[in-house]
Structure formats: structure tokens, C-alpha cells
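As a plain string of letters, each chain reads:
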Amino acid sequence: MTTRRVRARRGEGALLREEILRAAEDLLDESGSEDALTLRAVALRAGVSTPSVYLHFADKEALVEAVCLRVWGEFGRMFSENLGGDPFLALGRCGRAYARFALEHPVQYRVLMMRATTGPGVPPAAAECFRHMVGAVSACVETRVLEGDPEELALGMWSAVHGCVSLLIAQPSFPWPRDREALIDQIVRVAGFGTALYSRLPQALPPSADLAAALDDFGSRLASDADKPRGNEPGGAGK
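Residues numbered from 1 in each chain as written. Predicted model: local features only at pLDDT ≥ 70, side-chain atom pairs only at ≥ 80, totals over all residues. Heavy atoms only, no water.

Caption draft 1: Representation of the pattern of salt bridges within the structure. A full pass over the atoms with the stated rule returns 12 salt bridges. When the shortest N-O distance is used, the salt bridge between E61 and R115 registers 3.0 Å. Remark: R115 occurs in the loop between α7 (106-113) and α8 (124-142) and E61 occurs in helix α4 (residues 60-69); sequence separation between them is 54 residues. On the basis of relative accessible area, E61 is assigned to the partly exposed category, the value being 42%. Among the salt bridges present, the one from E128 reaches R131, with a minimum N-O distance of 3.9 Å. In this pair, E128 and R131 are both assigned in helix α8, 3 residues apart and thus about one turn of the helix distant. Overlapping salt bridges bring together E18, R22, E25 and R70 as one network. (Salt bridge = Lys/Arg side-chain N within 4 Å of Asp/Glu carboxyl O. Helix = DSSP H or I, 4+ residues; strand = E, 2+ residues; numbered from the N terminus. Buried < 20%, exposed > 50% of the residue type's maximum accessible area, 1.4 Å probe, protein only.)

Written out as C-alpha cells, the structure reads:
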């Protein structure tokens, strides 16, 4: 049941905007789709007139984006909580946190990261994602586990994880493995190890049989090193 809100007094504009956003957020959570966020429906839920909503949001797109951005602070917190310690392992944890956030907030992720942008410049959500990724990758470049330009490396790994979660969100009926965490872990490991190896690969690769033998030897040496007691952290890009 909705009630008609009393007219806001001077200086209460910020409060009204917050009430509108809260009403829109409730509709989004209940419906699971941004289609429910019509300005009329939001106004009715907030107990205000539709023109009152227009005072704070130019159109539905602006309102939907503002609502979805409300969860983006949680993304930054989840990402930051996984930093620290060995940079490469931290990068892997950040990649998994990114995927977990996207799958826990599929509507918001789809709106902010999976739709074509209409305005000029980089959307705030994409800019923040990229900033976090570049920071985590830069730490790996400093230790030389990754080599190259941090922004270019971050773009490649971001594309891999984004592609995985975008498919999971956009194609829920596809026969995905039951263990989605294992799939995400595979993508994160492939992106991390692949990026670490890529900058060290020669332009001309050896024949497949020789390459396979070299990779087998490399994998065996990594496994042997991993068994040595060094206090390694679990859960990184390579673990």
C-alpha cells in the first residue's frame, strides 16, 4: 500500500532523492528486472508525483543507472578485501570476487556492464572496475610475475572474467556445469597464467609435440615447487 508523501520543504531535495532511489531499489529487488522501474511505478511506490521524480532524474535510464550504482560500493569493498600479500595470488582472489559480485547482482551488472553506453565518456561503473583491475595488475608487474603495460594486461584479464560472468547471466538455460565456482576458478587461472606466459612466449612457437613436452616439464616443476613448505597463500590466480 502506498501513501501520498507530504510536499518536501526547502532543503529536503536530497532526502526525496534518497526515498525515490530506495523505492526503485525495492521494485528492482522484487521484480528482478529493470523493466519494472517505470517513473510512474517508482513515483507510486515512493508516494510522490511523477513530476517529482523528473526533478531528480531526467529519464528512466538515469534512474535505473543511479539505482544500480548503489551496489557498486560493495564491489569496491569486495575487491579491496582481497588485496594484500603475494600480488599474483591477490589478483586471482580479486578475479573471483569480481565474478561473485556480478553473479550476486545480475540485474545491476547487466545494466551497468552489459548494455551499450549512450552518453559520452566511460561510464562510472566501468571506469571503477578498470581502475581496480589496473591497480591489482600493476602490483604484479612490479614483482615481474607479469610483464607489460598494466592497462593492456588488465584489459585482457578483465575481458576474460567479464565474458564468463556475462554468459552465465545472459544464458541461464545453457547446460553450465553444476559447480559454477569451478568454472570461474578455471577462467581466472587461465587468464592469470596465460597472461604471465604470454609476454614470455617467442614469436615463433615450436611444433605442438615439443611445446606439449615443454609445458609438461614446466607444470611438473611448478607442482614440485608448490609442495615445498613456503607458507604460500591459497586462492590466487595460480592456486
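Caption draft 2: Structural context of empty space enclosed by the protein. Under the counting rule described, the total for this entry stands at 1 cavity of 30 Å³ or more. Its boundaries defined by the atoms lining it, the largest cavity holds a volume of some 70 Å³. Taken together, 10 residues make up the lining of the largest cavity; nearest its centre are L91, G95, M157, V161 and V188. Going through the elements one at a time, α6 (87-104), α9 (150-170) and α10 (180-198) are the ones with two or more residues in the lining of the largest cavity. (1 Å grid on protein atoms, 1.4 Å probe; cavity = no way out; pocket = protein on both sides within 12 Å on 5 of 7 lines; lining within 4 Å. Points joined across faces, edges and corners; volume = space filled by probe spheres on them.)

Caption draft 3: Region of interest: the packing of aromatic side chains. Following the criterion strictly, the structure yields 9 aromatic pairs and no others. A centroid spacing of 5.6 Å and a plane angle of 85 degrees characterise the contact between F75 and Y98, whose relative ring orientation is edge-to-face. One end of the pair, F75, is in helix α5 (residues 72-81); the other, Y98, is in helix α6, with 23 residues separating them in the sequence. Take Y98: its relative accessible area is 2%, and that puts it in the buried class. Taking the centre distance of 6.1 Å and the plane angle of 70 degrees together, the rings of F88 and F193 count as edge-to-face. (Phe/Tyr/Trp six-rings, centres within 6.5 Å; stacked < 30°, edge-to-face > 60°.)

Caption draft 4: How the structure looks around unusual backbone geometry. Despite not being glycine, R144 has its phi angle at roughly 70 degrees, a positive value. Overall, the relative accessible area of 52% leaves R144 in the exposed class.

Caption draft 5: Looking closely at the side chain of H105. Assignment of secondary structure puts H105 in the loop between α6 and α7. Sequence-distant contacts of H105, defined by excluding residues within four places in its chain, comprise V71 and E74. (Contact = heavy atoms within 4.5 Å.)

Caption draft 6: View of the layout of surface pockets. Put simply, the second largest pocket is a space of about 340 Å³. The wall of the second largest pocket is formed by 16 residues, among which E65, T117, T118, G119 and P123 lie closest to the centre. At the level of secondary structure, the elements contributing two or more residues to the lining of the second largest pocket comprise α4, α7 and α8. In terms of residue count, α4 provides more of the lining of the second largest pocket than any other element does, 3 residues in total. Across the lining of the second largest pocket, the residue classes break down as 9 nonpolar, 4 polar and 3 charged. (Nonpolar A, V, L, I, M, F, W, Y, C, P; charged D, E, K, R; others polar.)

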